[in-house]
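# Examining the three-dimensional arrangement
Residues per chain are reported as follows:
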There are 2 protein chains.
Amino acid sequence: MHKYQNISSQVIKRLPRYYRFLGELLDRGFTRISSRELSTKMGLTASQIRQDLNCFGGFGQQGYGYAVKSLYNEIGHILGLDHSYSAILIGAGNLGKAVAVHMSFEKRGFKLIGIFDNDKQKIGTMIRDIPVTDLDDLELFCKENKADAAILCIPKEAAPEIVERLHDLGVRNYWNFSHFDISMYYDDIVVENVHLNDSLMILCYRISDTSEATGEE
Amino acid sequence: MHKYQNISSQVIKRLPRYYRFLGELLDRGFTRISSRELSTKMGLTASQIRQDLNCFGGFGQQGYGYAVKSLYNEIGHILGLDHSYSAILIGAGNLGKAVAVHMSFEKRGFKLIGIFDNDKQKIGTMIRDIPVTDLDDLELFCKENKADAAILCIPKEAAPEIVERLHDLGVRNYWNFSHFDISMYYDDIVVENVHLNDSLMILCYRISDTSEATGEE
């Protein structure tokens with residue numbers, strides 16, 4: 001059974017934002033926050049926030065607001081961040097390196113256990129104390145180490161073959177930076193896509209919308 | 001006046017997806033697609049797609065479906081991709097380099113005109129035919145070159161000071177990879193945030209939700 005029934009994907013998408021904001025409040029020493037204050041900071045209505053949190057059983061107390069620390073921990077728990085899913089990274093180019101170096105995997109429910117590339121120059125170099133391994137050794141590695149998830153920092157063209165190999169090895173969860181649409185080809189997997197192009201196009205839309213609003217061009 | 005009134009942010013967020021899917025259909029030689037086929041491929045309902053497109057005047061013809069090429073061009077136009085906004089990139093680390101190298105700025109309404117870093121090792125090196133410039137020369141550069149947008153690939157700690165300088169220089173549009181919440185401090189700007197941590201947490205949620213659904217752990 002799923003932990004929570006019928007939670008809309010919109011609510012789920014807002015959870016990391018709540019988690020992020022609450023984390024910042026914690027860092028700044030807040031212990032309590034009213035739903036009104038939280039809503040102002042997050043640009044949502046107070047009733048929206050109450051509705052969202054009620055999906056998971058509700059946390060607030062009328063008139064007392066939310067206890068920041070416990071709400072932060074609860075949302076972290078809902079997100080599953082207390083797990084430690086093993087992840088392997090495919091592609092040690094600039095993007096792969098940036099992902100490996102910058103992400104706090106441990107705080108997000110993951111542990112990075114391997115990095116793979118087919119570039120002989122990169123194989124054997126270390127990224128975040130993990131040696132870059134020859135992509136040819138993927139099968140060997142995955143037989144010795146269970147990989148719960150794969151992070152794909154590879155070109156679109158390379159993706160179909162690599163995903164097929166990963167799928168054959170039982171990897172069912174993907175953090176996908178490639179432009180290959182994995183879910184079109186497999187229906188027994190979980191994919192979270194990062195579409196940087198989409199984000200850039202939304203910026204473009206918002207700039208052009210604003211420029212025309214103010215008469216600039 | 002804004003180009004289109006009262007378009008919900010959810011609809012706007014779907015536009016790049018439509019654009020991406022239609023681009024793939026074009027690449028594969030499709031000239032027409034029914035709203036039913038498009039909806040199956042995109043995981044939306046046909047009526048949702050009709051509703052979305054009707055916000056912009058509507059494009060389909062009952063029984064004939066959509067002309068792929070003209071819908072693709074129209075959505076590109078709505079997104080403002082026929083603009084050429086000048087953008088500067090701040091931060092030439094792995095992430096900045098990945099963004100500079102991988103993004104097709106010209107196809108997304110932008111032109112990358114400058115790259116800045118304060119690391120002496122990086123200053124003077126070339127990324128995508130653009131020399132990395134000393135961050136100290138930002139003011140000089142921006143007086144000679146109008147920057148419509150800034151791309152921030154910098155640590156959270158460095159962001160407040162750099163954004164203040166950019167804001168003083170008249171830069172009002174930001175593609176923000178840093179964890180600094182710019183919109184909390186400025187209300188006359190457009191910000192599109194890329195929160196990779198949020199995406200990773202959503203993957204974690206979906207894995208833990210699926211594992212409990214299937215009894216795995």
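In this report, we go over the structure that sits alongside the text. Just so you know, these numbers come straight off a predicted model, no measurement behind them. (Residues numbered from 1 in each chain as written. Chains lettered and ligands numbered in written order. Predicted model: local features only at pLDDT ≥ 70, side-chain atom pairs only at ≥ 80, totals over all residues. Heavy atoms only, no water.)

### Brief notes about helix H1 (residues 9-27) of chain A
Between its terminal C-alpha atoms H1 of chain A stretches 28 Å, which fits the 27 Å expected from 19 residues at 1.5 Å a residue. After H1 of chain A finishes, the residue Gly-29 of chain A shows a positive phi value of roughly 90 degrees. (Helix = DSSP H or I, 4+ residues; strand = E, 2+ residues; numbered from the N terminus. Expected span 1.5 Å × (residues − 1).)

### Re the interface of chain B and chain A
Taken together, the contacts link 69 residues of chain B with 70 residues of chain A. Of all residues in chain B, Leu-200, Met-201 and Tyr-205 of chain B bury the most surface against chain A, accounting for 12% of the area lost on that side. Of the charged contacts in the structure, one is a salt bridge between Glu-24 of chain A and Lys-156 of chain B, with a shortest N-O distance of 3.7 Å. The interface formed by chain B and chain A holds 16 residue pairs in polar contact (both at pLDDT 80 or more) in total. Mapped by element, the contributors of at least two residues to the side of chain B that touches chain A are helix H1 (9-27), helix H4 (68-79), helix H5 (94-102), strand E8 (173-176), strand E9 (190-193) and helix H8 (196-214) of chain B. Among the elements that make up the side of chain B that touches chain A, the one with the highest residue count is H8 of chain B (18 residues). Grouping the constituent residues of the side of chain B that touches chain A by class yields 35 nonpolar, 17 polar and 17 charged. (Contact = heavy atoms within 4.5 Å. Buried area = accessible area lost by both parts, 1.4 Å probe. Salt bridge = Lys/Arg side-chain N within 4 Å of Asp/Glu carboxyl O. Polar contact = N/O pair within 3.5 Å; in protein donor to acceptor, adjacent residues only side chain to side chain. Nonpolar A, V, L, I, M, F, W, Y, C, P; charged D, E, K, R; others polar.)

### Description of the pattern of salt bridges
Charged atoms that come close allow side chains of opposite charge to pair. A full pass over the atoms with the stated rule returns 22 salt bridges over all chains. Measuring nitrogen to oxygen at the nearest pair gives 2.4 Å for the salt bridge that ties Asp-148 of chain A to Lys-146 of chain A. Lys-146 of chain A gets classed as exposed once you look at its relative accessible area, which sits at 62%. Note that Arg-165 of chain B is salt-bridged to Glu-161 of chain B, the shortest N-O span being 3.5 Å. Of the two residues, Arg-165 of chain B and Glu-161 of chain B are both situated in helix H7 (residues 159-168); the distance of 4 residues between them amounts to about one turn of the helix. Taking relative accessible area as the criterion, Arg-165 of chain B reaches 18% and is therefore assigned buried. Note on Glu-161 of chain B: relative accessible area 48%, which makes it partly exposed. Linked through salt bridges whose partners overlap, the residues forming this network are Glu-139, Glu-161 and Arg-165 of chain A. (Buried < 20%, exposed > 50% of the residue type's maximum accessible area, 1.4 Å probe, protein only.)

### Quick look at the sheet that holds strand E5 (residues 126-127) of chain A
Residues and elements named next belong to chain A. Judged by pairing direction, the sheet is mixed, and its 7 strands sit side by side in the order E5-E6-E4-E3-E7-E8-E9 without closing on themselves. Edge positions in the sheet fall to E5 and strand E9 (190-193), since each has one partner strand and no second. Direction of pairing for E5 relative to strand E6 (residues 130-134): antiparallel, over a ladder of 2 bridges. Among the inter-strand pairings, Met-126 is bridged to a residue of E6, identified as Pro-131. (Pairing = 2+ DSSP bridges.)

### Some details on the relation of the copies chain B and chain A
Screw-axis analysis of chain B against chain A gives a translation of 0.0 Å along the axis, an RMSD of 0.0 Å, and a rotation angle of 180 degrees. When the rotation and shift are considered jointly, the pair of chain copies conforms to a two-fold rotation axis. Among all C-alpha atoms of chain B, that of Asn-94 of chain B lies closest to the rotation axis, at 2.6 Å. Looking at chain B, 100% of its interface residues are interface residues in chain A too, so the copies touch through the same face. (Least-squares fit on C-alpha atoms with pLDDT ≥ 70 in both.)

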